[in-house]
Structures are given as C-alpha cells and as structure tokens.
Amino acid sequence: MKPDWPLETERLVLRPFEPGDLADLHRIHADETVTRYLYNEPRSLDEARSLLDRKIAGAQVCAEEDWLSAAVIVRDGGHVVGDLALQWVSEVHRTGEIGFVFDPAQQGRGYATEAARAFLGVAFGDFGFHRVVGRTEARNTASVRVLEKLGMRCEAHLVENEWVKGEWQSELVYAILDREWR
Ligand SMILES: CC(C)(COP(=O)(O)OP(=O)(O)OC[C@H]1O[C@@H](n2cnc3c(N)ncnc32)[C@H](O)[C@@H]1OP(=O)(O)O)[C@@H](O)C(=O)NCCC(=O)NCCS
C-alpha cells in the first residue's frame, strides 16, 4: 500500500525519502534535543545513512510492521524539515501507529501537526485503517500537544513501564478511530 505521492497540505509537501536527503536527515537525527525522548541516541552519519535506506524502502508498506515514511518539505523551501512515519501494526485489527520527528530549527510552527494530519488522512482513507495510535514519553510535551491537536484521545498512562537511557520512563498512549477522524 502507498499513498498517491506527493501529498500536499497548505504549507507542506510530503514525499518519499530520496538518497539526497542524507544531510537533512542526519542533521535532524543527530540532535540531542530531538532524541531526548526517543529510544535511540543521536545518530552518526553512518547510522543516518542506514536509517535513510530504511526510509527510502518505506515509500510503501507491504506487510504488517512495515513503516510508511515521508520526508516533509516546506513548499519552495527545498530542505527536509520533518520525518513522518506510519506503521501498519495489524491487518486484522486495521490498526496503525503514527510517529514524527522534526528539525528543531523548524519546530513550533505547526508543521508536525499539519503533516501528521495528512498522514491520518492516508491511514483512514487510502489504507482503510480503523484505529491509529500514537505513543509518547509522558514528559514529551511537544509530542503530547501534537497528538492532542490531532484530536487523539489519551487512553493510557503507563507508569514507569520502560527502562530507557538509564531511567524508568512512563508512556502515554493516544488513539483515534476512523469514525472520529471523519
Ligand atoms: C514532537 C515534534 C515532532 C513537534 O514538532 P513541531 O513541528 O514543533 O509541532 P507543532 O508545531 O505542530 O506543535 C508543537 C506544540 O507543542 C508545543 N510545545 C513545544 N514545546 C513545548 C514545551 N516545552 N512545553 C509546552 N508546549 C510545547 C507548541 O507550543 C505547540 O503547541 P501549540 O500549537 O498549542 O502552541 C518535535 O518537537 C520533535 O521532533 N521532537 C523530538 C522528536 C520526538 O520526540 N518525536 C515524538 C516521538 S513520540
């Protein structure tokens, strides 16, 4: 399954990742403030290269657990400002999971929310999902805010459920159903 690339929103273009996106992807994923609440540490150039290979393959999803990936570009801006992902979690349950990572220099402008909204359209439209979830560390205020602005409902607060980066972390689980989206 794949969307009808490219996807366009008011200010953004979402397209598959390309080999030429390495510098932008590395800049975003090498930043400590970006990875603070992700499972991974800041990525080296080699690590960003293998991440980019997976993201290029993620122009479509073929099986459960595959991630659809989009490079997010500001119209006429040229550079990739965001890395958007949608996992096909379950075929039987028609469930997906959404994730987003944006360039710190471009944060706070509503880009993640605008781009993620387009991906929810893909999830419930093109892919026919019934439910999309979003997970975030409870202290990740910006991520929480994006999930709320998308109209997702907080369904769980898992207390100290994961040992990450030398500490117990707590996870919030958000979700939205197709009928709620429409
Ligand atoms: C989460 C992330 C993608 C949001 O990107 P963004 O483009 O800045 O998102 P938006 O501009 O659409 O919305 C961000 C919201 O969070 C708010 N926000 C950001 N930092 C905040 C903070 N420290 N405290 C309170 N609110 C904060 C913004 O004000 C905005 O809300 P508003 O529209 O009500 O003012 C970005 O912060 C990021 O890449 N973080 C690191 C990676 C990450 O943690 N991804 C999520 C993994 S679950």
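Definitions and limits used
Residues numbered from 1 in each chain as written. Predicted model: local features only at pLDDT ≥ 70, side-chain atom pairs only at ≥ 80, totals over all residues. Heavy atoms only, no water. Near = heavy atom within 4 Å. Polar contact = N/O pair within 3.5 Å; in protein donor to acceptor, adjacent residues only side chain to side chain. Areas by Shrake-Rupley, 256 points an atom, 1.4 Å probe, with all protein chains shown as cover. Helix = DSSP H or I, 4+ residues; strand = E, 2+ residues; numbered from the N terminus. Nonpolar A, V, L, I, M, F, W, Y, C, P; charged D, E, K, R; others polar. Buried < 20%, exposed > 50% of the residue type's maximum accessible area, 1.4 Å probe, protein only. Contact = heavy atoms within 4.5 Å. Salt bridge = Lys/Arg side-chain N within 4 Å of Asp/Glu carboxyl O. Pairing = 2+ DSSP bridges.

1. Focus on the site of the ligand
And step 1. Neighbouring the ligand are 21 residues; Gly108, Gly110, Thr113, Arg145 and Lys149 lie closest to it.
And step 2. In this structure, Phe100 approaches the ligand through a main-chain N or O atom, which is 2.8 Å from a nitrogen atom.
And step 3. In isolation the ligand exposes 960 Å². Once the protein is present, 70% of that is buried.
And step 4. With 6 residues, the top contributor of residues to the shell around the ligand is helix H5 (residues 141-149).
And step 5. Classifying every residue of the shell around the ligand gives 9 nonpolar, 8 polar and 4 charged.

2. Concerning the environment of Leu147
And step 1. Within the secondary structure, Leu147 is located in helix H5.
And step 2. For Leu147, a relative accessible area of 1% corresponds to the buried category.
And step 3. Here Leu147 is in contact with Phe100, Gly134, Thr136, Met152 and Tyr174, once residues within four sequence places are set aside.

3. Quick word on the pattern of salt bridges
And step 1. Evaluation of the coordinates by the stated rule reveals 18 salt bridges.
And step 2. Residue Asp21 pairs with Arg15 through a salt bridge whose shortest N-O separation is 2.8 Å. For the residue pair Asp21 and Arg15, the accessibility class agrees, reading buried in each case.
And step 3. A network of salt bridges, in which partner residues are shared, links Arg36, Glu137, Arg139 and Glu167.

4. With respect to the pairing of strand E5 (residues 95-102)
And step 1. For E5, the tally of buried residues reaches 7 of 8 residues, placing the bulk of the element in the interior.
And step 2. Sheet topology places strand E4 (residues 80-90) next to E5; 8 bridges connect them, and they run antiparallel. Following the sheet pairing, Ala85 is matched in E5 by Gly99.
And step 3. Between E4 and E5, which follow one another and run antiparallel, lie 4 residues, and Arg94 among them has a positive phi close to 45°.
And step 4. Taken together, the 3 bridges between E5 and strand E6 (residues 131-137) define a ladder with parallel strand orientation.

Don't take any of this as a statement about function, it's just geometry.
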